[in-house]
Amino acid sequence: QVQLVESGGGLVQPGGSLKLSCAASGSAFDIKVTAWYRQSPGKERELVAQITARGNTNYADSVRGRFTISRDNAKNTWYLQMNSLQPEDTAYYYCNALLPSYYDNPTVWGQGTQVTVSS
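What counts, and where the lines are drawn
- Residues numbered from 1 in each chain as written.
- Predicted model: local features only at pLDDT ≥ 70, side-chain atom pairs only at ≥ 80, totals over all residues.
- Heavy atoms only, no water.
- Helix = DSSP H or I, 4+ residues; strand = E, 2+ residues; numbered from the N terminus.
- Buried < 20%, exposed > 50% of the residue type's maximum accessible area, 1.4 Å probe, protein only.
- Polar contact = N/O pair within 3.5 Å; in protein donor to acceptor, adjacent residues only side chain to side chain.
- Contact = heavy atoms within 4.5 Å.
- Disulfide = S-S within 2.5 Å.
- Pairing = 2+ DSSP bridges.
- Axes fitted to C-alpha atoms, helices over the stretch in contact; angles between N-to-C directions.
- Salt bridge = Lys/Arg side-chain N within 4 Å of Asp/Glu carboxyl O.
- Core = buried A, V, L, I, M, F, W, Y, C linked by side-chain atoms within 4.5 Å.

K.L.:
Can you walk me through the side chain of R38 in this structure?
P.N.:
Along the chain, the position of R38 falls in strand β4 (residues 33-39). Residue R38 is classed as buried on the basis of its relative accessible area, which comes to 6%. Polar contacts involving the side chain of R38 include one to the side chain of D89, which spans 3.0 Å. Reaching out from R38, the side chain makes a polar contact with the side chain of Y93 at a distance of 2.9 Å. In this structure, R38 is in contact with E44, R45, E46, V48, S62, V63, F67, E88, D89, A91, Y92 and Y93, ignoring residues within four places of it in sequence.

Listed below in structure tokens is the structure:
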């Protein structure tokens, strides 16, 4: 049973930076895609960034150029470096992992961490 534990959220002023981390438990060395999502009250959850095991990345238009996703396969850990944060980035951020289909639960979510951007 793979579980994700994330950390790094907090309060930051506009223009500041935060780095989120997500660690997968167990022996999940074959994670296909890791990602970060976010959700604000009254809004749908949206994909922020994702990265494959080979290092291919995709970003939401709203964060491209400001956020960077990376992963350390050996540590079963991935990160979201967030720079030039703006108030509209305020949300609850969730890490996500897509495992091969032979897992009982191929999609796994972290518990979430709050990011608040305010002066």
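K.L.:
What am I meant to see in the state of the cysteines here?
P.N.:
For the structure on display, the rule yields 1 disulfide. Each sulfur in the disulfide pair C22 and C95 lies 2.1 Å from the other. What sets the handedness of the C22 and C95 disulfide is the S-S torsion sign, and at about 50 degrees it is right-handed. With C22 in strand β3 (residues 18-24) and C95 in strand β9 (residues 91-98), this pair connects stretches of sequence that are 73 residues apart.

K.L.:
What should I look at first to understand the sheet that holds strand β1 (residues 4-7) in this one?
P.N.:
For sheets, the rule is that strands pair by backbone hydrogen bonds, running either parallel or antiparallel. Spatially, 4 strands are ordered β1-β3-β8-β7 in an open sheet, and the strand pairing comes out antiparallel. Each of the sheet's edge strands pairs with one partner strand only, and the pair in question is β1 and β7 (67-72). Along the sheet, successive strands turn relative to each other by an average axial angle of 15 degrees, direction set aside. In this structure, β3 lies alongside strand β8 (residues 77-82), joined through 6 bridges in antiparallel fashion. Bridge assignment links L20 to a residue of β8, and that residue is L80.

K.L.:
How should I be thinking about the pairing of β4 in this particular structure?
P.N.:
Every other side chain in a regular strand lies on the same face of the sheet, so the side chains alternate between the two faces. In this structure, β4 lies alongside strand β5 (residues 46-52), joined through 6 bridges in antiparallel fashion. When the sheet's bridge partners are listed, W36 is paired in β5 with A49. The turn linking β4 back onto β5 is made up of 6 residues, and G42 within it adopts a positive phi angle of 80 degrees. Pairing between β4 and β9: 7 bridges, direction antiparallel. What sits directly across from Y37, in β9, is Y94.

K.L.:
What is the right way to read the pattern of salt bridges from this model?
P.N.:
It is possible for side chains of opposite charge to pair when their charged atoms get near one another. Tallied over the entire structure, the rule returns 4 salt bridges. Between R38 and D89 there is a salt bridge; the shortest N-O distance is 3.0 Å. A residue pair is termed long-range when its members are at least 10 positions apart, and R38 in strand β4 and D89 in the loop between β8 and β9 qualify at 51 residues. Between R64 and D61 there is a salt bridge; the shortest N-O distance is 2.5 Å.

K.L.:
Explanation requested: the nonpolar core in the structure shown.
P.N.:
The tendency in soluble globular proteins is for nonpolar side chains to be buried as a group. Ranked by internal contacts, the top residues of the largest apolar core, which has 29 residues, are L4, W36, W78, L80, M82 and Y93. Residue assignment for this core shows that the elements contributing at least two residues are β3, β5, β7, β8, β9 and β11 (113-117).

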